[in-house]
Amino acid sequence: MSNLPPSLVEILQSRPWLRYDTDAALIFDGVRLQDIAAQYDTPCWVFSASILRARARALKAAFSGINQPISMHYAVKANDHRATLAILQREGFGADVVSGGELRKAIAAGIVPFDIVFSGVGKKDAELTLAIETEIGVINVESREELGRLTSLATRLGKRPKVALRVNPHIDAGTHDKISTGREGDKFGIDWREAPTLSRMAARDPHLDFIGLAAHIGSQITSIAPFEAACQRLAGMITDLRADGIAVKHVDCGGGLGICYHQEAPPDITEYARVIANHLGTLNVAISIEPGRWLSGPTGILLTRVIDVKAQPAPRSDFVFIDAAMNDLARPALYAAWHEVLPLHAGGSRKPEKAQTLAGPVCETGDILATDRVLPPLSRDDLLAILDAGAYGAVMSSTYNARPLAAQIMIEDGKIAEIRQRQTLESLWEAERLPDWFKAE
Ligand SMILES: *Cc1c(COP(=O)(O)O)cnc(C)c1O
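Residues numbered from 1 in each chain as written. Predicted model: local features only at pLDDT ≥ 70, side-chain atom pairs only at ≥ 80, totals over all residues. Heavy atoms only, no water.

Quick look at the UniProt feature "domain: Orn/DAP/Arg decarboxylase 2 N-terminal" (unreviewed entry) in the chain now. In the UniProt entry, the feature "domain: Orn/DAP/Arg decarboxylase 2 N-terminal" (unreviewed entry) is given for residues 53–296. Segment residues 53–296 splits into 39% helix and 16% strand. End C-alpha atoms: 10 Å apart. (UniProt positions renumbered as here; feature names shortened; annotations may be inferred. Helix = DSSP H or I, 4+ residues; strand = E, 2+ residues; numbered from the N terminus.)

Let's shift gears to the site of the ligand. Near the ligand, the surroundings consist of 15 residues, among which Lys-77, Ser-219, Glu-290, Arg-293 and Tyr-392 are the closest. Within the contact set of the ligand, an oxygen atom lies 2.7 Å away from a side-chain nitrogen or oxygen of Lys-77. For the ligand, the accessible surface in isolation is 390 Å², of which the surrounding protein chains cover 95%. Residues that form the shell around the ligand fall into these classes: three nonpolar, seven polar and five charged. (Near = heavy atom within 4 Å. Polar contact = N/O pair within 3.5 Å; in protein donor to acceptor, adjacent residues only side chain to side chain. Areas by Shrake-Rupley, 256 points an atom, 1.4 Å probe, with all protein chains shown as cover. Nonpolar A, V, L, I, M, F, W, Y, C, P; charged D, E, K, R; others polar.)

The sites that UniProt annotates as "binding site: substrate" (unreviewed entry) are Arg-293, Arg-331, Tyr-335, Glu-364 and Tyr-392. With a sequence span of 100 residues, these residues are also far apart in the fold, their greatest C-alpha distance being 26.8 Å. The residue Arg-293 is located in helix H11 (residues 293–296) in this model. Ignoring any residue separated from it by four or fewer positions in sequence, one finds Arg-293 in contact with Ala-78, Ile-179, Ser-219, Gln-220, Leu-257, Ile-259, Tyr-261, Pro-298, Arg-331, Ala-391 and Tyr-392. Within the secondary structure, Tyr-392 is located in the loop between strand E19 (383–386) and strand E20 (407–412). (Contact = heavy atoms within 4.5 Å.)

With that settled, the discussion passes to unusual backbone geometry. Keep in mind that most residues, glycine aside, have a negative phi and that most peptide bonds are trans. A cis geometry characterises the amide bond from Thr-42 onward to Pro-43, with omega recorded as -5°. Relative to the helices and strands, Pro-43 is located in the loop between helix H2 (33–40) and strand E4 (44–48). A cis amide bond links Ala-314 with the next residue in sequence, Pro-315, at an omega value of 5°. Inspection of the secondary structure assignment puts Pro-315 in the loop between strand E14 (300–310) and strand E15 (318–322). Even without glycine at this site, Ala-336 takes up a positive phi of about 50°. Relative to the helices and strands, Ala-336 is located in the loop between helix H12 (331–335) and strand E16 (341–343).

And the structure:
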């Protein structure tokens with residue numbers, strides 16, 4: 001593969017749900033994005049229900065040949081809208097949650113507690129209590145201390161929660177530092193060398209139903225080797241635990257499968273399934289995976305409008321100020337993430353003259369959504385689509401700089417629904433209270 005940035009043709013080829021129609025208008029899954037911008041204003045998120053369904057089905061199909069039961073738990077944090085959760089529930093997915101809030105939201109979206117996995121460090125007693133009382137599928141314990149709290153809560157509540165140990169396998173997933181979770185020194189999981197002792201403790205504890213192991217080594221993983229290493233580690237541990245007389249009937253391989261934002265070539269889902277099947281498929285364990293980004297990432301677009309352009313002397317790129325910012329889409333500022341950008345109108349003869357940098361209006365130097373891009377020359381009111389924004393996009397939005405949360409639109413088969421209204425300005429300060437003593441002044 002060449003190192004040249006992908007051409008427009010390549011960008012469209014790898015995303016068959018996008019095309020320009022004969023009027024040069026960008027069509028996303030059958031819908032003219034200009035129409036959505038006109039009706040709902042910008043910035044605005046657009047999610048395709050049909051792409052999400054298609055990806056859910058493709059993932060299921062990739063694992064259909066595996067000779068062990070496999071369950072899939074969607075990582076709710078990637079996009080937690082109840083419409084997304086409801087679609088995936090109907091496609092047979094459970095939920096992987098990382099807070100009591102997500103647990104409640106998954107249940108509110110119609111996912112039964114039995115199909116919910118609770119992972120994540122720093123679970124409060126109230127959150128563990130909620131998980132125990134609602135009898136969720138499994139609690140992935142992240143430390144010796146949490147195991148201790150869990151057993152005392154279970155004893156007090158007179159319940160026997162299903163428990164797995166989330167191990168930190170000390171594997172570098174080769175992804176961005178801030179989304180690596182399985183290296184020695186990362187805050188997640190139980191040191192794999194300590195896991196046998198804790199597994200024995202959990203298995204012997206009458207108040208806990210110890211079912212097995214879990215690992216999640218990071219996100220946006222674009223090579224197969226780290227998955228393979230994690231599966232190998234888990235398989236070895238399962239064999240050792242069994243040799244030690246401990247029953248293991250469940251293994252959770254986490255999520256992390258990457259997508260192509262720019263020039264990455266992540267493993268395809270059949271290869272991913274094959275690696276999991278090769279290492280864990282003969283162990284007579286129920287296998288679970290927790291995909292987030294792979295399912296929802298490509299299903300969302302952030303629509304934005306050019307406010308104005310600030311020319312810069314060459315060789316610097318001009319600044320194009322857009323009405324979406326880091327408070328809407330945090331990934332570029334947070335992880336130096338790349339999102340492909342397409343104009344909503346492929347303005348015919350307008351040839352790129354120099355590179356342009358897309359900057360949001362937020363008062364932070366880091367509020368840049370795309371740096372040095374070669375696009376047709378942009379001017380005021382031009383509309384743009386920021387691609388592959390369906391995961392870790394809207395969920396991470398904030399109202400920094402008193403910017404209301406953007407509207408969210410869902411499309412399917414030409415139908416268009418506003419699934420979240422643009423936040424009103426008043427609601428930004430609705431919950432604020434002035435101290436009583438101000439009245440006296
Ligand atoms: C975030 C997370 C996932 C999902 O990761 P993706 O990269 O979105 O697939 C899965 N499991 C756990 C425990 C997580 O924290």
